[in-house]
Amino acid sequence: MRPTGKLHLGNYMGALANWVKLQDSAQYESYFFIADWHALTTDYADPSRLKLNTIDVALDWLAAGLDPEKSTIFIQSHVPQHAELHLLFSMITPLGWLERVPTYKEQQENLSGKDLSTYGFLGYPLLQAADILLYQAQYVPVGQDQVAHVELTREVARRFNSMYKTGVFPEPDALLTPAPKLTGTDGRKMSKSYGNTIGLTESPMAVFQKIQGMSTNGQRVRKTDAGDPDLCPVGDLHKIFSTPEVNSFIQHGCRTATNPCESCKSEAAKSVCRVTGPIHDRRDHFSSRIEETWEMLQDQAVKAASRAEETMLQVRSVLDLSRDLGAVKRHFMATEEDRQRNHDLSLHADWWKLPYNQRAGLLRDYWRNNLVPLEIQLSQESNRVFTSLDRELEEPFLSAKKKRVFVTTARDISEADAAAPDVWHLRIPARAYEVWTLLCWRKENYWLHDFIVPQKYYSQAFAQAKKLLKKDEEVCLTVRKEDARFLLSIHGSEPVDITELESNDAPLR
Ligand code: SF4
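Below or above, wherever it landed, is the structure these notes cover.

Reading guide: rules and limits
Residues numbered from 1 in each chain as written. Predicted model: local features only at pLDDT ≥ 70, side-chain atom pairs only at ≥ 80, totals over all residues. Heavy atoms only, no water. Helix = DSSP H or I, 4+ residues; strand = E, 2+ residues; numbered from the N terminus. Rg over C-alpha atoms; globule rule 2.2 N^0.38 Å. Buried < 20%, exposed > 50% of the residue type's maximum accessible area, 1.4 Å probe, protein only. Contact = heavy atoms within 4.5 Å. Pairing = 2+ DSSP bridges. Core = buried A, V, L, I, M, F, W, Y, C linked by side-chain atoms within 4.5 Å. Near = heavy atom within 4 Å. Nonpolar A, V, L, I, M, F, W, Y, C, P; charged D, E, K, R; others polar. Patch = residues over 30% accessible without salt bridge, like charges linked within 9 Å, V, L, I, M, F, W, Y side chains within 5 Å. Areas by Shrake-Rupley, 256 points an atom, 1.4 Å probe, with all protein chains shown as cover. Salt bridge = Lys/Arg side-chain N within 4 Å of Asp/Glu carboxyl O. Lys, Arg positive; Asp, Glu negative; His and termini not counted. Charge placed at Lys NZ, Arg CZ, Asp CG, Glu CD. Axes fitted to C-alpha atoms, helices over the stretch in contact; angles between N-to-C directions. Parallel < 35°, antiparallel > 145°, perpendicular 65-115°, else oblique. Left-handed = near helix turned anticlockwise from the far one by under 90°.

### Quick word on the overall build of the chain
The secondary structure content of the chain amounts to 19 helices and 12 strands. Whereas a compact globule of 509 residues would reach a radius of gyration of roughly 23 Å, the chain reaches 30 Å, over 25% beyond that. C-alpha extents for the chain along the principal axes are approximately 100 × 50 × 40 Å. Here the chain, with 509 residues, has 48% of them falling under the buried criterion. Partitioning the intrachain contacts of the chain with sequence separation of at least 6 by distance along the chain shows that 70% fall at a separation of at least 24.

Below is the structure:
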């Protein structure tokens, strides 16, 4: 939501009320942010009220029931990864895609008082795409007018994934929010620019006064005239906020001229205040704790940034922008000692905290880029686009001789268990691969052991294990360190010594 100051009933019914419902359903992990950078795409000439407007929106959100215990609520500009991803997307997005977004021309015409022939304004749907894809979101709760933006987001995700043969970005779906018809006090669409709004957190007195002064859109000019509540903005308020009993009483009273407009409007105000009254009180509560609220927003930004960084680690790695020297190092460091040093991953200690699949993806790429000798070119099957990281991890690499090399990494945190510091559990799909690479990472010293295992070491035990498995089950492997030896056991089979296979790339050649 862009920070346009205090929210009105239209904002509440069109989006916020639904967000609170989504949050409380606990069906989704939700992220809500105040889009202050987006505000600058149209209001760059006068940023003087940007922070105040941002805080106003935050207070209204909290008052309406968004809860930092249940959702992540933050200010966009406090998570710089939004800007980084936007910049990277701008490299691959054709101009025509942005010029074709329907709101581009429309908004330029609607806001003719502002010069919107800027680079930032043209790119705002792309910033939205970055906002969404940064969290690898599956759904975006939007109104009908934003569906084209979600579609652009899907196209950007598809283009990135296919261009770089990756599955970093899922294609999100729009979660359509039904927006009930809510007119302003003058009968036009409720909008700040028309000055016809009823504020979400206005006092009950102010709400009463505004509704009493509301236009009836030409209905019941004389008290004795019958009217049509479907054509009157007050009738709309009743449909949204009143109980079915009050609503049917009002409908009847209007159509038969038995209930005066004044009383109909008082009833409407009561119904609205039943919803907005508690929100108004909570807003007072949060307004008196402005520093706490600001601190909460900072903490929430840290939480959002940590999730965003998980995505950016993958994006930077795909674009060869990761923060380590990576494969380049091998052009400068060619000795065996240097290669040995590449097994030390202490610089990547933060990978340890990532979910298993993301960590596995990074370890797999790291191994291929840093530990496999340069002249061994492991390739991925060409033109393959992965729809998810899981699928990508299931894909083997191909050696120059077209051998299928399956790379698996220590499956779970148990490898760091103090009671069993030298045991790793790994899994392999029950399919045919000519070479296995087992990557076992030790948390105590961040040392990566890589065992390159040719088929003859496992074919028998693997065939036995497969017979015992149900469809789609994986074969479990255990690597155990005893003294200076490493022993591999396949699905509980007799262990075989694989010590000499560590970093021994003969099977890849
Ligand atoms: S009775 Fe109510 S719905 Fe009918 S015209 Fe008057 S204000 Fe509108």
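Now, onward.
### Digging into the pairing of strand β6 (residues 404-409)
When you tally the buried positions in β6, you get 5 out of 6 residues, the bulk of the element. For strand β5 (residues 397-398) and β6, the ladder comprises 2 bridges, and the chain directions are antiparallel. Note on β6: the bridge partner recorded for L398 is R404. Across 5 bridges, β6 lies against strand β8 (residues 435-441) in parallel orientation. When the bridges of β8 are listed, T408 appears paired with L438.

### What about the sheet that holds β8?
With mixed pairing, the 4 strands of this open sheet are ordered in space as β5-β6-β8-β9. Edge positions in the open sheet fall to β5 and β9 (448-454), since each of these has one partner strand only.

### Some points on unusual backbone geometry
One non-glycine residue, A26, lies in positive phi territory at about 55 degrees. As for its position among the elements, A26 is in the loop between α1 (9-25) and β1 (31-34). Residue K402 is not a glycine yet carries a positive backbone phi of 65 degrees. Note on placement: K402 falls in the loop between β5 and β6.

### A look at the nonpolar core
Ranked by internal contacts, the top residues of the largest apolar core, which has 40 residues, are L9, L16, W61 and I211. Those elements that provide at least two residues to this core are α1, β1, α3 (50-64), β2 (72-75), α10 (204-212), α11 (233-241), α13 (261-287) and α14 (290-318). Here the element with the most residues in this core is α1; it accounts for 8 residues. Residues L85, F89, L152 and V156 belong to the second largest nonpolar core, which totals 34 residues.

### Focus on the site of the ligand
Surrounding the ligand, one finds T216, Q219, R220, P229, C232, V234, G235, C254, C261 and C264. When residues of the shell around the ligand are traced back to their parent elements, those giving at least two are α11 and α13. Of the residues that constitute the shell around the ligand, the class distribution is 6 nonpolar, 3 polar and 1 charged.

### So, a nonpolar patch on the surface
A contiguous nonpolar surface patch, about 340 Å² in accessible area, is contributed by L325, V328 and F332. Its location among the elements puts F332 in helix α15 (residues 329-332). The class for F332 is exposed, based on a relative accessible area of 68%.

### Quick word on the sheet that holds strand β12 (residues 496-497)
Ordered in space as β7-β10-β11-β12, the 4 strands form an open sheet in which the pairing is antiparallel. Every interior strand has two partners, whereas the edge strands, β7 (423-429) and β12, have only one. Sheet topology places strand β11 (residues 485-490) next to β12; 2 bridges connect them, and they run antiparallel. Each residue of the ladder has a partner; that of L487, found in β12, is D497.

### Some points on a negative patch on the surface
A cluster of acidic residues, E291, E292, E295 and D299, forms a negative patch at the surface. Tracing the backbone through its elements, the reader meets E295 in helix α14.

### Looking at the packing of α11 against α13
Packing of α11 against α13 leaves a shortest axis separation of 9 Å and a crossing angle of 40 degrees. When the axes of α11 and α13 are compared, the pair comes out oblique. When you trace α11 past α13, the crossing you get is left-handed. The segment α11 lies against α13, with V234, L237, H238 and F241 engaging C264, K265, E267, A268, S271, V272 and V275. Among the residues forming the contact of α11 with α13, the class breakdown is 7 nonpolar, 2 polar and 2 charged.

### Examining the packing of α10 against α13
The relative placement of two packed helices is expressed as an angle between their axes plus a distance between the axes. Relative to each other, α10 and α13 sit at 150 degrees, their axes nearing to 9 Å. The orientation of α10 with respect to α13, classified from their angle, is roughly antiparallel. With respect to the hand of their crossing, α10 and α13 are arranged in right-handed fashion. Here α10 contributes P204, V207, F208, I211 and Q212 to the contact with α13, which in turn contributes E262, K265, S266, A268, A269, K270, V272, C273, T276 and H280.

### Focus: the environment of G14
Examined against the element boundaries, G14 turns out to sit in helix α1. Given a relative accessible area of 24%, G14 falls into the partly exposed group. The spacing of G14 and G143 is 129 residues in sequence and 7.3 Å in space, taken between C-alpha atoms. Filtering out sequence-adjacent residues up to four positions away, G14 remains in contact with T177 and A179.

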